[in-house]
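Notes for the structure review
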Amino acid sequence: MIQRAAVVIAVIIQIGATFLPALGIGEEIGSRSDATRTLVTPAGWAFAIWGPLFAGTVAFAIYQALPGQRRDDLLNAIAWPAAGAFLGNGLWAIYTQLHALTALSVVIIVFTLVCLLTVYRRLVALRREFVTVERWLVMLPLSALAAWLTAATIVNISASLKYHGVAFEQANMVLAAAVVLVGGIIAALAVGRGRGNPVYAAVFLWALTAIYAAGGQVAPPVAYATVVSGVLVIATTLFRLRDVGNRRHWLG
């Protein structure tokens, strides 16, 4: 019961934290991001994905808190890391709105990503098929959030480096392209080890498309890196989903 309540509380913190600027506390996350924009920062429209992501975490929180789910082994296995991830998102939003995309924001987002990848691994390792409600309310939102946080962590690191004056000036195209390529390799590995998770792949491709639409339009190396990364992710997904067992695991 405690861990299920922790998930609900963490989701409330995650979403509520974003309203601080409306209360006159801190600056909007978008403004903070614009202040440290790099060639790796996605186009603004990409961040609209937070709406569906938040809605998905709310649906998950309600579902896992239902009395009938108290003894569900999958939910028991992922509740604590999921709560940690939602809390991490909330803490990151609070810190970023009050301060900036500094090194501490990287520490917070890496913690969040570790929690989500823990959930992701447990979804991958499930030895039975997801029932329909699990596929929509557990696998889908948490896989999507894990993918977005993978991309967001890379973006946050590059923005933090710029904030601290280390690197990632607009002219440093090659370094920015290298970061995108490394991110693509990491995502491809996550998909490969994740039995071709199509949700993770699709959301990461969304992030790559947004990077292409922004930095890729002013820096050809970044554009090439997004294309190569996208091909890696797509190829890995299709290769892993050739296996009938993997397709049934994710798609039913």
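Before reading further, recall that the structure is shown in the block above.
What comes next is a walk through the structure. Computed from a predicted structure; not experimentally measured.

Quick word on the nonpolar core
Counting 72 residues, the largest nonpolar core has Phe-60, Phe-86 and Val-138 as its most contacted members. Counting residues per element, the ones that place at least two in this core are α1 (2-16), α3 (50-65), α4 (73-98), α5 (103-124), α6 (132-163), α7 (173-193), α8 (198-213) and α9 (220-240). Dropping the residues within four chain positions of it, Phe-86 is found in contact with Val-7, Ala-10, Val-11, Gln-14, Thr-57, Phe-60, Leu-142 and Leu-145.

Quick word on the packing of α7 against α8
Geometrically, a packed helix pair is captured by the angle between its two axes and the distance between the axes. Viewed as axis vectors pointing N to C, α7 and α8 meet at an angle of 170 degrees, and their least axial separation amounts to 10 Å. Considered as vectors, α7 and α8 are oriented roughly antiparallel to each other. Along the contact surface, α7 presents Val-180, Gly-183, Gly-184, Ala-187, Ala-190 and Val-191, while α8 presents Tyr-200, Ala-201, Phe-204, Leu-208 and Ile-211. Tallied by class, the residues present in the contact of α7 with α8 amount to nine nonpolar, two polar and no charged.

Some thoughts on the packing of aromatic side chains
A full pass over the atoms with the stated rule returns six aromatic pairs. Geometrically, the ring pair formed by Phe-60 and Phe-86 is edge-to-face, given 6.2 Å between the ring centres and 70 degrees between the ring planes. Taken together, the residues Phe-60 in helix α3 and Phe-86 in helix α4 connect sequence positions 26 residues apart. Judged by relative accessible area, which is 1%, Phe-60 ranks as buried.

Quick word on the pattern of salt bridges
With the rule as written, the count across this model stands at four salt bridges. For Arg-32, the salt bridge is made with Glu-27, and the minimal N-O distance between the two is 3.9 Å. On the basis of relative accessible area, Arg-32 is assigned to the buried category, the value being 16%. Taking the shortest distance from any N to any O, the salt bridge between Glu-129 and Arg-248 comes out at 2.7 Å. Of this pair, Glu-129 sits in the loop between α5 and α6 while Arg-248 sits in helix α10 (residues 244-251); the two residues are 119 residues apart in sequence, bridging distant segments of the chain. A relative accessible area of 45% means that Arg-248 is categorised as partly exposed.

Digging into the packing of α4 against α6
At their nearest, the axes of α4 and α6 sit 12 Å apart, and the two run at 40 degrees to each other. Comparing their axes, α6 and α4 come out oblique. In the crossing of α4 with α6, the sense of the turn from one axis to the other is left-handed. Across the interface between the two elements, Leu-74, Leu-75, Ile-78, Phe-86, Asn-89 and Trp-92 from α4 touch Glu-134, Val-138, Leu-142, Leu-145, Leu-149 and Asn-156 from α6. Looking at the contact of α4 with α6, its residues break down into nine nonpolar, two polar and one charged.

Thresholds applied
- Residues numbered from 1 in each chain as written.
- Predicted model: local features only at pLDDT ≥ 70, side-chain atom pairs only at ≥ 80, totals over all residues.
- Heavy atoms only, no water.
- Core = buried A, V, L, I, M, F, W, Y, C linked by side-chain atoms within 4.5 Å.
- Buried < 20%, exposed > 50% of the residue type's maximum accessible area, 1.4 Å probe, protein only.
- Helix = DSSP H or I, 4+ residues; strand = E, 2+ residues; numbered from the N terminus.
- Contact = heavy atoms within 4.5 Å.
- Axes fitted to C-alpha atoms, helices over the stretch in contact; angles between N-to-C directions.
- Parallel < 35°, antiparallel > 145°, perpendicular 65-115°, else oblique.
- Nonpolar A, V, L, I, M, F, W, Y, C, P; charged D, E, K, R; others polar.
- Phe/Tyr/Trp six-rings, centres within 6.5 Å; stacked < 30°, edge-to-face > 60°.
- Salt bridge = Lys/Arg side-chain N within 4 Å of Asp/Glu carboxyl O.
- Left-handed = near helix turned anticlockwise from the far one by under 90°.

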